[in-house]
Amino acid sequence: MKRKLTAAIGIAGMMVSIAACGGEGGGGSDKGADAKELTVWLTVDAQNNWPGLVKAADAAVKKKHPGLKINHEYYGWPDKNAKLDAVLATDKAPDVVEMGNTEMLGYMVKGAFAPLDQAKFDNSDVWLDGLKASVTYEGKTYGVPYYAGGRVANWRKDVADSVGVKSAPKTYKELTAALDKIQKKQGDKFSAWYQPTRDWYAAMSFVYDAGGAIATESGGQWKASLSSPESLKGLTEFKNVVDSYMHGDKTKDESDRYIVYGQGKSAMIFAAAWEGATSEDPKNDKSGRLKGNLENFVMPGPSGKNMPVFLGGSDLAVPVKSDAQALAAEWINAFTGSSGQKGLMAKGNLPNNKTDLATLKNDPKTAVPATAAESSWFVPMAPGWGQVEKAQILQTMLQSIGTGKKSVEAAAKDADAAIDKVINTK
């Protein structure tokens, strides 16, 4: 569910006109309360996996507004933003649009979405921290969390059993002790923990676990903080992991991790919850050893607490050019509210709020991802964050650390300098 901030970075020019016509709307006013038509853009995830929830939301809103016509358009993730950027420069914007949570910031910075009244949405007081951050900019709410997906540890039970470890570790000390045994037994052509060096989502979990941060805000200005003592502690432990257990290519990112895991030359990954199951799919399980041998568990952090994880997911927003903002907000609440969340959970998603998340902890099938998602972090909601991602500053820093090209301290200092050049630039 991780969504890349791609097209959002290139919308500055056409957003000038959007910002100029912006104003309070969506859940914050009655603009478009008497509209006769509503257009909703969702990704094909909803069309293919939970069309009944879309119909239920339509029915709830139409019951309150007889005669209302609701149009739906569905897009694949690679296509949606290009289409959205094009229509936002016209007067034909949709009224509701689904966004990946990492896509939100660039559009909020440029004024593309209408501010919403958070209090008008179910469970908004207990939205998951990582998702709430993704819809908040400069103190205002510009979207509603839809659903989430977290990260968990996954390892091979057969490999763990071969060194006498019968159950998943509960602490970081137990984890590293088990991995040390596995690495010693398997040798240096095997990765006890396959951890791609450029995987900044995993690396920053170590940083936040140690009390550090990518950047901090004070007085409306953001400043990089990767070279703080706390952040350096997290980065140093990440380097220890890569040095000790990662015996693959140390210039790779995580994009094909599930495929590499399926080759059977590693014992563990820390990844999106879906990756383990995808690795053991017969088309990816080239070793023939993963099926029935994989186990998810909550990633313990060196701090003694559960590792804070990056939450991927989707949000719903109302374009500022929508002529039916009030109705759009009603539809979003009908779709993402209490009944909608139950339907989404039944389809294997994590909910957008802590109350519903707590119920998943009672089911063995969902307890691990639900527990892991309780502690989360999100990217700095700074106007220039998109430029930080586009320049791959974090990935470059981590590769320098992992390959030994630079010390942790030098790489972090250089990354801070690069981040500070752009992070406050709209």
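Residues numbered from 1 in each chain as written. Predicted model: local features only at pLDDT ≥ 70, side-chain atom pairs only at ≥ 80, totals over all residues. Heavy atoms only, no water.

A.B. asks: Can you walk me through the pattern of salt bridges in this structure?
C.D. replies: Pairing between side chains becomes possible if they bear opposite charge and their charged atoms approach one another. The tally for this structure, following the rule as stated, stands at 13 salt bridges. Here Glu275 makes a salt bridge to Arg257, at a shortest N to O gap of 3.0 Å. With Glu275 in helix α12 (residues 274-279) and Arg257 in helix α11 (residues 257-261), this pair connects stretches of sequence that are 18 residues apart. Residue Arg257 is classed as buried on the basis of its relative accessible area, which comes to 2%. (Salt bridge = Lys/Arg side-chain N within 4 Å of Asp/Glu carboxyl O. Helix = DSSP H or I, 4+ residues; strand = E, 2+ residues; numbered from the N terminus. Buried < 20%, exposed > 50% of the residue type's maximum accessible area, 1.4 Å probe, protein only.)

A.B. asks: Even after reading the chapter, I still don't get helix α10 (residues 229-245), so can you show me in this structure?
C.D. replies: Since one α-helical turn is 3.6 residues long, residues separated by three or four positions face the same way. Along its 17 residues, α10 runs 24 Å from first to last C-alpha, staying within 8% of the 24 Å computed at 1.5 Å per residue. Taken as a whole, α10 has its buried residues at Ser231, Leu232, Gly234, Leu235, Phe238, Val241, Val242 and Tyr245. Contacts from the buried residues of α10 go to α8 (172-186), α9 (200-209), α18 (393-403) and α19 (408-422). (Expected span 1.5 Å × (residues − 1). Contact = heavy atoms within 4.5 Å.)

A.B. asks: What exactly am I supposed to notice about the environment of Val44 here?
C.D. replies: Among the structural elements, Val44 can be located in helix α2 (residues 44-49). Val44 gets classed as partly exposed once you look at its relative accessible area, which sits at 26%. Through-space distance from the C-alpha of Val44 to that of Lys223 is 38 Å; in sequence the pair is 179 residues apart. Not counting the four nearest positions on each side in its chain, Val44 is found in contact with Tyr74, Tyr75 and Gly76.

A.B. asks: I'm lost on the pairing of strand β7 (residues 151-156) in this one. Help?
C.D. replies: Along any regular strand the residues' side chains alternate between the sheet's two faces. Along β7, six of the six residues are buried, which leaves the element largely enclosed by surrounding structure. Of the two faces of β7, both are covered, the one formed by Arg151, Ala153 and Trp155 as well as the one formed by Val152, Asn154 and Arg156. Relative to strand β10 (residues 268-272), β7 runs antiparallel, the two being bridged by five bridges. Along β10, the bridge assignment pairs Ala153 with Phe270. Alignment of β7 against strand β11 (residues 294-297), held across four bridges, turns out to be antiparallel. (Pairing = 2+ DSSP bridges.)

A.B. asks: How do you make sense of the packing of α18 against α19 when you look at a structure like this?
C.D. replies: The packing of two helices is summarised by the inter-axis angle and the distance between the axes. The interhelical angle for the contact between α18 and α19, taken along N-to-C directions, is 165°, at an axis separation of 9 Å. As summarised for this structure, α18 and α19 are arranged roughly antiparallel, according to the angle between their axes. Our pair here, α18 against α19, has a crossing hand that is right-handed. In this structure, α18 uses Ile393, Leu394, Met397, Ser400 and Ile401 to contact α19, whose residues at the interface are Val408, Ala411, Ala412, Ala415, Ala418 and Ile419. (Axes fitted to C-alpha atoms, helices over the stretch in contact; angles between N-to-C directions. Parallel < 35°, antiparallel > 145°, perpendicular 65-115°, else oblique. Left-handed = near helix turned anticlockwise from the far one by under 90°.)

A.B. asks: It is not clear to me how the pairing of strand β1 (residues 37-43) should be interpreted in this structure. Could you clarify?
C.D. replies: The buried count for β1 comes to six of seven residues, which makes it a mostly enclosed element. Of the strand pairs in this sheet, β1 and strand β2 (residues 69-75) are connected by seven bridges, and their pairing is parallel. Counted as the bridge partner of Val40 is His72 from β2. For β1 and strand β3 (residues 96-100), the ladder comprises two bridges, and the chain directions are parallel. The partner of Val40 across the bridge, within β3, is Val96.

A.B. asks: For this particular structure, what's the right way to read the packing of α9 against α10?
C.D. replies: Where α9 contacts α10, the two axes come as close as 7 Å, and the packing angle between them is 130°. The orientation of α9 relative to α10 falls into the category oblique. At the point where α9 passes α10, the crossing takes the right-handed sense. Of the residues in α10, those touching α9 at Ala202, Ala203, Met204, Phe206 and Val207 are Glu230, Ser231, Gly234, Leu235, Glu237, Phe238 and Val241.

A.B. asks: Please explain the sheet that holds β2 as it appears in this structure.
C.D. replies: Note on sheets: strands pair through backbone hydrogen bonds, and any given pair is parallel or antiparallel. In space, the five strands of this open sheet follow the order β2-β1-β3-β13-β6, with mixed pairing throughout. The sheet is open, and its two borders are formed by β2 and β6 (144-149), each paired with just one other strand. Neighbour to neighbour, the strand axes of the sheet diverge by 20° on average, direction disregarded. The pairing of β6 with strand β13 (residues 312-317) spans five bridges and is classified as antiparallel. Paired with Tyr147 across the bridge in β13 is Ser314. With respect to the sheet, helix α4 (residues 77-88) is in contact with β1, β2, β3 and β13, its orientation differing from that of β3 by roughly 130°.

A.B. asks: Is there a simple way to think about the sheet that holds β7 in this case?
C.D. replies: A sheet is described by the order of its strands in space; here three strands give the open sequence β10-β7-β11, paired in antiparallel fashion. If you trace the sheet from one side to the other, it starts and ends with β10 and β11, each paired once. Across this sheet, the average inter-strand angle for adjacent strands is 30°, counted without regard to direction.

A.B. asks: It is not clear to me how unusual backbone geometry should be interpreted in this structure. Could you clarify?
C.D. replies: Trans is the prevailing form of peptide bonds, just as negative phi is the prevailing case for residues other than glycine. Within the chain, Glu138 stands out as a residue other than glycine whose phi angle is a positive 50°. Secondary-structure assignment places Glu138 in the loop between β4 (136-137) and β5 (140-141). Judged by its relative accessible area of 61%, Glu138 falls in the exposed class. Within the chain, Gln392 stands out as a residue other than glycine whose phi angle is a positive 55°. Structurally, Gln392 is set in the loop between α17 (385-390) and α18. Overall, the relative accessible area of 36% leaves Gln392 in the partly exposed class.

Everything listed is a geometric property; what it means functionally is a separate question.
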